[in-house]
Number of protein chains: 2
Amino acid sequence: MEQTSAIAALSALAHPGRLEAFRLLVRAGAEGMAAGDIARETGALPNTLSSNLNILGAAGLVKSERRGRSIVYFAAYDRMGALLAFLMEDCCAGNAEICAPAVEAAGRAACAQGTC
Amino acid sequence: MEQTSAIAALSALAHPGRLEAFRLLVRAGAEGMAAGDIARETGALPNTLSSNLNILGAAGLVKSERRGRSIVYFAAYDRMGALLAFLMEDCCAGNAEICAPAVEAAGRAACAQGTC
DNA sequence: TCTATATTTCAAGTATTCCAGAACTATCGA
DNA sequence: TCGATAGTTCTGGAATACTTGAAATATAGA
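The model shown is predicted, which means the values in this text are computed figures rather than measured ones.

A. Fine view of the pairing of strand β3 (residues 70–75) of chain B. Residues and elements named next belong to chain B. Where strand β1 (residues 33–34) meets β3, 2 bridges bridge the pair, whose relative direction is antiparallel. Each residue of the ladder has a partner; that of Ala-34, found in β3, is Val-72. Alignment of strand β2 (residues 62–67) against β3, held across 6 bridges, turns out to be antiparallel. Pairing of Val-62 across the sheet is with Ala-75, part of β3. Counted between consecutive antiparallel strands, the loop separating β2 from β3 contains 2 residues, among which Gly-68 sits at a positive phi close to 65°.

B. Layout of the environment of Ala9(B). Residues and elements named next belong to chain B. Looking at the element boundaries, Ala-9 is found in helix α1 (residues 3–13). Put simply, Ala-9 and Leu-53 are 44 residues apart on the chain and 12 Å apart in space, counted from C-alpha to C-alpha. If near-sequence neighbours (up to four positions away) are discounted, Ala-9 is found in contact with Ala-59, Gly-60, Leu-61, Arg-79 and Leu-83.

Definitions and limits used
- Residues numbered from 1 in each chain as written.
- Chains lettered and ligands numbered in written order.
- Predicted model: local features only at pLDDT ≥ 70, side-chain atom pairs only at ≥ 80, totals over all residues.
- Pairing = 2+ DSSP bridges.
- Helix = DSSP H or I, 4+ residues; strand = E, 2+ residues; numbered from the N terminus.
- Contact = placed C-beta atoms within 7 Å.

In structure tokens form, the structure reads like this:
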């Protein structure tokens, strides 16, 4: 991932409503979540949410698919993984101590879901 | 790390000049880097850089210390580690596949510096 | 076809960010 | 003390982001 994409992803996530929506989508997993459900869950107005989902989409962090009347959104795992990798490569390059807590967190998360 | 601090850190990094400055500081390690050197290296005007370093500082990502006429800046490893941990915990919670590339990147970085 | 539902797009106003110039502060050395 | 060096703070204007109301689009079902 190049700097430009990383910055787009970082600034997409640097917003309370968008970060919350993205988190919901990550937790929703492969089933995704309809725009309306996200709006209900986060308390955002539908048009505000729509524009924020658009920004997340432009940054490559979410994908979407129409299903009947709803449009279902999904977190783009590959892109989020790439962003994290960018930050780790970039920032851990000289200093393993930055990575350590992150790797531990990843380990804990893996344990929480039983894959460790 | 709570959402508010994470968002401050994310938006501090979501800027080409600031991301570049922060990278320099991470690579500079414990010796840090004087503001003027950062400005020279990145081509930023001193006042612009100063305000950007201020933003990074407010987000907790850099610290500083006067040394003679210079002010030397350091990357705050603990904070960057906490940010990465926040993103990993948050986003890997349901999905190990997001973490995998990041952990690999951490591994590669560790190898690159000979600590693996 | 008509109506209701789900969501997006458009437009406009406010707020915030970003940058560059100018002025200010702190430190060092002569 | 004076001048030079290193950075910061202040200021204003341009650009960008954010939110909301209103209108438009797409789909499903009667």
